[in-house]
Amino acid sequence: LKAVDGASRIPGGAQLVTDPNQSIPMDMQGHVTSTCFSPNLNEPIAIALLADGRSRMGEELFALSPLHAVETKVRVVSPHFIDPQGDRLRV
């Protein structure tokens, strides 16, 4: 996952939902398992468990964390954030 705005923090443990205004209980699509700032990409990135994740590339969701009072719009991207072809390893 990447934040759509390229700058917002994606909180670990956040629930992934399609509509942040849906009444509770929300239809959870998955959750964020790990997050960090990528110095190579110069933006926050995250890994998540997402229902049918590989078929949802490019889809936009919301990462909601009530504990941190954070709502971040995210985009589903390949888990290969940097150098998916391995070119940097074959220099």
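If you're wondering where the values come from, they're calculated on a predicted model, not measured in any experiment.

Cut-offs used in this document
- Numbering of residues starts from 1 in every chain and runs along the sequence as written.
- Local features in this predicted model are restricted to residues whose pLDDT is 70 or higher, and side-chain atom pairs enter the listing and the counts only when it is 80 or higher, whereas totals over whole chains, interfaces and linings include all residues.
- Hydrogens and water are ignored here; the side-chain numbers use all heavy atoms of the structure.
- In this text, helices come from DSSP runs of H or I with a minimum length of four residues, and strands from runs of E with a minimum of two, each type numbered from the N-terminal end.
- Here a polar contact is taken to be a pair of N or O atoms separated by no more than 3.5 Å, where protein atoms must pair a possible hydrogen donor with a possible acceptor and residues adjacent in sequence count only if both atoms sit in side chains.
- Here, residues are in contact when the closest pair of their heavy atoms is within 4.5 Å.
- For every residue, the accessible area (1.4 Å probe, protein chains only) is compared with the maximum for its type, and the residue is labelled buried under 20%, exposed over 50%, or partly exposed between those bounds.
- Between any two strands, pairing holds if DSSP finds at least two bridges.

Quick notes on the side chain of Ser-38
So, point 1. Note that Ser-38 resides in strand β3 (residues 30–38).
So, point 2. Within polar-contact distance, the side chain of Ser-38 engages the backbone nitrogen of Leu-41 at 3.1 Å.
So, point 3. Setting aside residues no more than four positions away along its own chain, Ser-38 makes contact with Glu-43, Ile-45 and Ile-82.

Topic: the pairing of strand β5 (residues 60–65)
So, point 1. Burial of β5 is extensive: 5 of the 6 residues sit out of reach of the surface.
So, point 2. In this structure, strand β2 (residues 15–17) lies alongside β5, joined through 3 bridges in antiparallel fashion. When the bridges of β5 are listed, Val-17 appears paired with Phe-62.
So, point 3. Bridge count for β5 against strand β6 (residues 70–75) is 6 bridges, and the pairing is antiparallel. Residue pairing across strands places Leu-61 opposite Val-74, the latter belonging to β6.
So, point 4. Between the antiparallel neighbours β5 and β6 lie 4 residues, among them Ala-69 with a positive phi of about 55°.

Spatial relationships are all this shows, so hold off on functional conclusions.
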